[in-house]
Amino acid sequence: MSSLSSRDPEAPAHGSLVGPWRILVRYDSGSYGEVYRVARAGHPEAGAFALKLAVHPEDPRFQREAELLQRVVHPSVPRFEDRGWWTGPNGRIFPYVVMEWVKGMTLYEWAREQKPTSRQVLQVLAQLASALAATHGMGGVHRDVKGDNVLVTATGRAVLLDFGCGSFEGAKALTDTALPPGTSSYRTPEAIRWGWFHRGAGTPYQAGPADDVYALGVAAYRLCTGKYPPAPTESSGPRRRLLRPSELATVSKGLDQLLLTALNEDRLARPLAASWAASLEDAAKEKDAEAPIVPTPSAARTDVTSSPGPRRRREVPTWMVMAGAAVLGGLVVMAAVKLRDIGRNSSEPAPETLFVTERWRTPPAQAPDAGVGEEALLSVTQTPQPGASSSGLGLAMPKNPLPGQKKPPCEPEYELVALGACWAIFEKKPPCGEGGYEYAGKCVRASFNAPRQPASEQP
């Protein structure tokens, strides 16, 4: 069945009547309803009211919303005025609900314009938590608490709007999905995990008071910090790391702690809305709540703000070092075997040989990566070697240094200088074996500068 929209010629026009209500102006629209500012026909002195008209004929959500508004009587819930059905020009029937007209800004708009103190935020949250307590007290649940569904008036009154996603005990289910209507960023960890587990089919999730308290905590966290809390992980993974609001903004101690209690991943550890409202009111009386909420300079670097003190260097795990040494050690052996096979199986002069050099030294005892410096890893360099020998007695020293060979200064403990270059001593006495040079009674190999890999970065 087709739906109604403000562009539909069937939609009520300015000055027309919807029941006893005269349309003054279309104010807003959503997925399920069009909101109009209206006045009672014949009684303009009564002031303006909000009329919410369904865009889908006979939408049962409007009956539920009207039922909730009638049951919940609270200063932070719009006052119920009327309910009924409107018949369009084409004979389709659309439900509507009329309530108090509330003039104000959405929660996040209010925060941007007002630049509130912790006290002002605590007072607004206390009103909203009290409204939730009234809703929960009559067996209802809002199920879509978020910043866009809250208005704050010029006098500081906070009003919770849009009970269209709400439900109450004994109400008939209107959807057959795993999760009820709502907004994903404000869902509880347990609801999200339920949705993951029951993807496609399964028992519907039953939202309760703890879901509303958590959602209000999300809205407050974003209001104070400008950020949403991190998304929860799957049940099999590690729990998320939630930064304290005080790490991201200048909030009072009471506000800081109360937001964390509302965002607890354990639903049983979250406070009831009534007790949370009382705690918020008490925290608003504290002296440190007088300061305005502003982002802190450290908010841009959450890795630093979460771990006070000097930045910690990432360590290279021991298993990674051992694995690297094993792989490169295997390359050394494979290269030596290849050289031997070339010498034994070919009567022709040996071609240019890939000579594998290694650079090693004992790391200092106080190395920043737990005693395993990057110089301890083998460095593989391919260098052409003329006249490779298969005798096992070692190679004759070349007339000139090899291309790219390390220049002095050399390491006196394990290198010597010859031909204006550095040579690593790997055996103190000949025979030097295949791939080694004999020089001054020692076995040496050409030294090369290995590229330095930063040990403080992620591998």
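Before going into details, it helps to say that this report is about the structure given with it. (Residues numbered from 1 in each chain as written. Predicted model: local features only at pLDDT ≥ 70, side-chain atom pairs only at ≥ 80, totals over all residues. Heavy atoms only, no water.)

Comments concerning the overall build of the protein
Inclusion rule: Note on conventions: DSSP H or I runs of at least 4 residues are helices, E runs of at least 2 residues are strands, and numbering of each starts at the N terminus. Only protein chains enter the accessibility calculation, which uses a 1.4 Å probe; a residue is then buried when its area is under 20% of its type maximum, exposed when over 50%, and partly exposed in between. Contact criterion: two residues are considered in contact whenever any of their non-hydrogen atoms come within 4.5 Å of each other. In these tables, accessible area is a Shrake-Rupley quantity obtained with a 1.4 Å probe, and a residue counts as shielded only by the protein chains included in the view.
The secondary structure content of the protein amounts to nine helices and 17 strands. For the protein, with 459 residues in total, the buried portion stands at 42%. Within the protein, contacts between residues separated by at least 24 positions form 61% of all contacts whose residues are at least 6 apart in sequence. Here the protein has roughly 24900 Å² of accessible surface; of this, 54% comes from carbon and sulfur atoms.

Observations regarding the pairing of strand E3 (residues 33-40)
Spelled out, the test is: DSSP-based pairing: two strands are paired if at least 2 bridges between them are found.
As paired elements, strand E2 (residues 21-29) and E3 share seven bridges and run antiparallel to each other. Note that in E3 the partner of Trp21 across the bridge is Arg40. The turn linking E2 back onto E3 is made up of three residues. Here E3 pairs with strand E4 (residues 48-54) via seven bridges, running antiparallel. Considered in E4, the bridge of Glu34 is made with Leu53.

Observations concerning the pairing of strand E14 (residues 415-418)
In summary, the side chains of a regular strand alternate between the two faces of the sheet. As paired elements, E14 and strand E15 (residues 421-427) share four bridges and run antiparallel to each other. Across the sheet, Glu415 pairs through a bridge with Ala424, a residue of E15. The hairpin formed by E14 and E15 contains two residues between the paired strands, and Leu419 there has a positive phi angle of roughly 60°.

As for the pattern of salt bridges
This is how it is decided: Any carboxyl oxygen of Asp or Glu within 4 Å of a side-chain nitrogen of Lys or Arg constitutes a salt bridge here.
By the definition in use, this model includes 16 salt bridges. We note a salt bridge from Glu65 to Lys52, for which the minimum N-O separation is 3.1 Å. Taken together, the residues Glu65 in helix H1 (residues 61-71) and Lys52 in strand E4 connect sequence positions 13 residues apart. As far as burial versus exposure is concerned, Glu65 and Lys52 are alike and both buried. Several salt bridges converge on common partners, so that one network encompasses Arg79, Glu81, Glu100 and Arg157.

Some thoughts on the sheet that holds strand E16 (residues 437-439)
Heads up, the condition is: In this description, a line fitted to the C-alpha atoms serves as the axis of each element, helices being fitted only across the stretch in contact, and the angle between N-to-C directions of two axes falls anywhere from 0 to 180 degrees.
Pairing is antiparallel across the open sheet formed by four strands, whose spatial order is E14-E15-E17-E16. Looking at which strands have only one partner, the edges of the open sheet turn out to be E14 and E16. Adjacent strand axes in the sheet meet at a mean angle of 50°, parallel and antiparallel pairs treated alike.

Looking at the environment of Asn264
Residue position: Asn264 is located in the loop between helix H6 (253-262) and helix H7 (273-283). Along the sequence, Asn264 and Leu242 sit 22 residues apart, while their C-alpha atoms lie 9.5 Å from each other. Look past the residues within four positions of Asn264 in its chain and what remains in contact with it is Tyr214, Ala269 and Arg270.

Things to note about the nonpolar core
Here is the rule we go by: For our purposes a nonpolar core is just a set of buried Ala, Val, Leu, Ile, Met, Phe, Trp, Tyr and Cys residues, chained together by side-chain atoms within 4.5 Å.
Formed by 58 residues in total, the largest nonpolar core has its most connected members in Leu107, Leu255 and Trp276. Here the element with the most residues in this core is helix H5 (residues 209-225); it accounts for 10 residues. Setting aside anything within four residues of it in sequence, one finds Leu107 in contact with Val124, Gly147, Val150, Val152, Ala219 and Leu223. Ala11, Trp21, Phe49 and Leu53 belong to the second-largest nonpolar core, a separate cluster that totals 13 residues.

Remarks on the side chain of Thr296
Rule in force here: Pairs of N or O atoms are called polar contacts if they sit within 3.5 Å, as long as, within protein, a hydrogen donor faces a hydrogen acceptor (for residues adjacent in sequence, only side-chain-to-side-chain pairs).
Note that Thr296 resides in the loop between H7 and helix H8 (302-306). One polar contact links the side chain of Thr296 to the main-chain carbonyl oxygen of Glu247, over a distance of 3.5 Å. With residues up to four places along the chain from it excluded, the contact list for Thr296 reads Glu247, Leu248, Ala249 and Thr250.

Quick look at H7
Applied cut-off: This arc describes the spread of directions from the helix axis toward the C-beta atoms.
Considered for burial, the residues of H7 that qualify are Ala273, Trp276, Ala277, Leu280 and Ala283. Buried residues of H7, seen end-on, are gathered within an arc of 125° and therefore sit on one face of the element. Buried residues in H7 make contact with helix H3 (118-137), H5 and H6.

Overview of the sheet that holds E3
Taking strand neighbours across the sheet as the criterion, the six strands line up as E1-E2-E3-E4-E6-E5 in an open arrangement whose pairing is antiparallel. Two strands close off the open sheet at either side, each with one partner strand: strand E1 (17-18) and strand E5 (80-87). Bridge count between E1 and E2: two bridges; the pairing is antiparallel. Considered in E2, the bridge of Val18 is made with Trp21. Packed onto the sheet, H1 meets E3, E4, E5 and strand E6 (93-100) and runs at close to 165° relative to E5.

Let's talk about unusual backbone geometry
Cis geometry is adopted by the peptide bond preceding Pro409, which originates at Pro408 and carries an omega value of 10°. With respect to the element layout, Pro409 can be found in the loop between strand E13 (382-385) and E14. Located in the positive-phi region is Lys115, a residue other than glycine, with phi close to 50°. Summarising the element assignment, Lys115 is placed in the loop between helix H2 (107-114) and H3.

A closer look at the packing of H2 against H5
We apply this condition: Under this scheme an angle from 65 to 115 degrees is roughly perpendicular, one under 35 degrees roughly parallel, and one over 145 degrees roughly antiparallel; angles in between are oblique. Note on convention: near helix rotated counterclockwise from far helix by under a right angle means a left-handed crossing. Clockwise means right-handed. Residue polarity follows a fixed list, in which Ala, Val, Leu, Ile, Met, Phe, Trp, Tyr, Cys and Pro are nonpolar, Asp, Glu, Lys and Arg are charged, and the others, Gly among them, are polar.
Closest axis-to-axis distance for the H2/H5 pair is 10 Å, and the angle between their directions is 25°. By the criterion of interaxial angle, the relationship of H2 to H5 is roughly parallel. In terms of crossing hand, the pair formed by H2 and H5 is right-handed. Where H2 abuts H5, its residues Leu107, Tyr108, Trp110 and Ala111 lie against Ala219, Arg222 and Leu223. Its residues placed into classes, the contact of H2 with H5 shows six nonpolar, no polar and one charged.

Looking at the state of the cysteines
Two cysteines, two sulfur atoms, one covalent bond between them: this is a disulfide. Basically, it comes down to this: Disulfides are defined in this document as cysteine sulfur pairs within 2.5 Å.
Tallying each qualifying case throughout the model produces one disulfide. Residue pairing for Cys410: its cysteine sulfur links by disulfide to Cys422, the two sulfurs lying 1.8 Å apart. Between Cys410 and Cys422, the S-S torsion sits near -85°, and that sign places the bridge as left-handed. Taken together, the residues span a long stretch of sequence, with Cys410 in the loop between E13 and E14 and Cys422 in strand E15 at a distance of 12 residues.

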